[in-house]
Amino acid sequence: MPELSGELLEINMGPQHPATHGVFRVKLWLDGERIVECEPVIGYLHRGTEKLAEERDFRQATYYTDRTDYVAAAHGNLVWVEAAERLMQIKVPRRAQYLRVVYTELSRIASHLLWLATHALDIGAMTIFLYTFREREAILDMFTDFCGARLTLNIFRIGGFYHDITPPMALRIKKFCDEFPGYLAEYETILTKNRIWLRRTQGVGVLSREDAIAIGASGPVARGSGIDWDIRKSNPYEVYPEFDFKIPVEPAGDTYARYLVRMEEMRQSTRIVLQALEGLPEGELMAEENKKASKPLKPPAGEIYQRVESPKGELGIYVVTDGKPKPYRWKMKAPCFANLQALPLMVRGHLVADVVAVIGTLDPVFGEVDR
């Protein structure tokens, strides 16, 4: 941290500041309005999630994983059940895999819609908040009608899927995905060439490709810095190799580049959902090993690392087992935590008002950062 002098002012943003996207404190050292140094302070939302889950069996521990990134809870559930399935060598039915893809991609769209709404609102664009929440509510309503929950879905099971999708629900999802590109075009009309939006995002919060690699950034933060890396393509899981979709990459590394990446990601997620619904195979939803819920699952002693591409980046889980129904130890690799390390690099030399834009472009969820 810099030596304080009569010319530097130390201030705090948060942990109650509305633009910090949660209980997050940012210490800033200022020369007038110019940022000299920045220190993120985390931990206000720590709940001991990993330790709590070690006191539950593998089925019960699933419910802790969607309380981390609660904005895209399906991805936390998915990485956990996939880790358990690899440990126990459980083969998941194809219909279940297709439905997992449908609901994780809908969850990705819902997460990016919340990001766009709050990011734009922080910078001063209120109208876009009203537009994006219209579509986000449509997705959450479909989640509610399917499983009774809006955010923490808990629809993935070790070895399969919660229950089958009905034809009316499939038609409802298809109708939404057919209409959604038109809504995306509305957002882009409002923002993409808006002079105020461009002034607040272009050249702001630049993260170079080299720095992104050095801090372990992933997801839209990395792809906005020119890094072509997405787990769905680089280390495919479920049935993603069967779908035709592109990974958007922008080289500029600024806030505007990350905006473009996430906007295109929503369009590509829509394509994936439509392909999954069109090619949805018939068959079982649950593997034989896990059809009897009363029988405890006992993975053999061992260890494994499983990862998926969440809306924020590489979400990984490292699990160690000792042959008992409960995990001996597990650790989450949270993309929000890694991406947040970029904040000091991105705000140095900018104005205080730019901190709001940079925090928004990282899209942090502090349930995942602090756990």
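Throughout, residues of each chain are indexed from 1 in the direction in which the sequence is written. Side-chain atom pairs in this predicted model are given and counted only at pLDDT of 80 or more, local residue features only at pLDDT of at least 70, and totals for whole chains, interfaces and linings cover all residues. Values reported for side chains reflect all heavy atoms of the structure, with hydrogen atoms and water molecules removed beforehand.

Caption draft 1: The arrangement of the overall build of the chain in detail. Assigned secondary structure in the chain consists of 15 helices and 8 strands. A globule of 371 residues ought to have a C-alpha radius of gyration of about 21 Å, and the chain, at 21 Å, matches this closely. Judged by the C-alpha coordinates and their principal axes, the chain covers about 70 × 45 × 35 Å. Throughout, exposure labels follow a simple rule: accessible area from a 1.4 Å probe, protein chains only, divided by the maximum for the residue type, with under 20% read as buried, over 50% as exposed, and the rest as partly exposed. Taken across its 371 residues, the chain has 57% of its residues classed as buried. Intrachain contacts of the chain at a sequence separation of at least 6 include 72% that bridge at least 24 residues. In this description a helix means any DSSP run of H or I spanning at least four residues, a strand means any run of E spanning at least two, and both kinds are numbered starting from the N terminus. Only the C-alpha atoms count toward the radius of gyration. The rule for a globule is 2.2 Å times the residue count to the power 0.38. When checking whether two residues touch, look at their non-hydrogen atoms; a contact exists if any pair is within 4.5 Å.

Caption draft 2: The packing of helix α6 (residues 167-191) against helix α11 (residues 255-278), seen in detail. A fitted line through C-alpha atoms serves as each axis, taken over the contacting stretch for helices, and the angle formed by two N-to-C directions is quoted from 0 to 180°. For the pair α6 and α11, the least separation of the axes is 10 Å and the interaxial angle reads 160°. For the element pair α6 / α11, the angle class is roughly antiparallel. Seen along the crossing, α6 lies across α11 with a hand that is left-handed. On the side of α6, the interface is formed by A170, I173, K174, C177, D178, F180, P181, L184, Y187, E188 and L191, while α11 contributes Y259, M263, M266, R267, T270, V273, L274 and L277. Polarity classes work like this: nonpolar for Ala, Val, Leu, Ile, Met, Phe, Trp, Tyr, Cys and Pro, charged for Asp, Glu, Lys and Arg, and polar for all others, with Gly in that last group. Split into classes, the residues belonging to the contact of α6 with α11 amount to 14 nonpolar, 1 polar and 4 charged. What sets the label is the angle itself: under 35 degrees gives roughly parallel, over 145 gives roughly antiparallel, 65 to 115 gives roughly perpendicular, and the rest give oblique. With the far helix as reference, a near helix turned anticlockwise by less than a right angle produces a left-handed crossing, and one turned clockwise produces a right-handed crossing.

Caption draft 3: Structural view of the packing of helix α4 (residues 94-123) against α11. Their axes nearest at 9 Å, the elements α4 and α11 cross at an angle of 150°. In this view, α4 runs roughly antiparallel relative to α11, as classed from their interaxial angle. Relative to α11, the crossing made by α4 is left-handed. Here Y98, V101, V102, E105, L106, R108, I109, H112, L113, W115, L116 and H119 of α4 come into contact with α11, specifically with T255, Y259, R262, M263, E265, M266, S269, T270, I272, V273, A276 and L277. Broken down by class, the residue content of the contact of α4 with α11 amounts to 15 nonpolar, 5 polar and 4 charged.

Caption draft 4: The arrangement of the sheet that holds strand β7 (residues 313-321) in detail. Reading across the sheet, the 3 strands line up as β6-β7-β8 and stay open at both edges, with antiparallel pairing between neighbours. With partners counted over all chains shown, the strands left at the sheet margins are β6 (302-310) and β8 (329-333), one partner each. Direction aside, neighbouring strands of the sheet carry axes that sit 10° apart on average. When DSSP finds two or more bridges between a pair of strands, those strands are recorded as paired. Across 5 bridges, the pairing between β7 and β8 is antiparallel. Bridging across to β8, Y318 finds its partner in K331.

Caption draft 5: Broad picture of the pairing of β6. With 9 bridges joining them, β6 and β7 adopt antiparallel strand pairing. Bridging from a neighbouring strand, G302 pairs with T321 of β7. From the end of β6 to the start of β7, which pair antiparallel, there are 2 residues.

Caption draft 6: Geometry of the environment of R262. Topologically, R262 is positioned in helix α11. In sequence terms R262 and I109 are 153 residues apart; their C-alpha atoms lie 9.2 Å from each other. When neighbours within four sequence positions are excluded, R262 is seen to be in contact with H112, W115, P220, V221, T361, L362 and D363.

Caption draft 7: Fine view of the packing of aromatic side chains. Aromatic pairing here means that ring centres of Phe, Tyr or Trp (its six-membered ring) are within 6.5 Å. Orientation follows from the plane angle: under 30 degrees is stacked, over 60 is edge-to-face, and everything else is tilted. Counted under the stated rule, the structure contains 18 aromatic pairs. Taken together, a centroid distance of 5.4 Å and an interplanar angle of 70° make the contact between W197 and Y259 edge-to-face. One end of the pair, W197, is in helix α7 (residues 195-201); the other, Y259, is in helix α11, with 62 residues separating them in the sequence. Side by side, W197 and Y259 carry an identical accessibility label, which is buried. Between Y240 and F243 the ring centres are 6.5 Å apart and the planes differ by 85°, which places this aromatic pair in the edge-to-face class. The rule is short: NZ of Lys or CZ of Arg within 6 Å of the ring centre and within 35 degrees of the ring normal puts a charge over the ring. Geometry around F133 places R136 over its ring, the cationic atom sitting 5.4 Å from the centre. Between the NZ or CZ atom of K233 and the centre of the ring of F245, over which it lies, the distance is 4.3 Å.

Caption draft 8: Seen up close, the state of the cysteines. Count a disulfide wherever a pair of cysteine sulfur atoms falls within 2.5 Å. Tallied over the full model, the rule gives 0 disulfides. With no disulfide of its own, C177 lies 17 Å from the sulfur of C147, the closest cysteine sulfur. With a relative accessible area of 1%, C177 lands in the buried category.

Caption draft 9: Structural view of the pattern of salt bridges. Only one rule defines a salt bridge in this text: a Lys or Arg side-chain nitrogen within 4 Å of an Asp or Glu carboxyl oxygen. Under the counting rule described, the total for this entry stands at 30 salt bridges. Between K331 and E50 there is a salt bridge, with the nearest N and O atoms lying 3.9 Å from each other. Of the two residues, K331 is situated in strand β8 and E50 in helix α1 (residues 49-53); the sequence distance between them amounts to 281 residues. Measuring nitrogen to oxygen at the nearest pair gives 3.1 Å for the salt bridge that ties E309 to R223. Taken together, the residues E309 in strand β6 and R223 in helix α9 (residues 220-223) connect sequence positions 86 residues apart.

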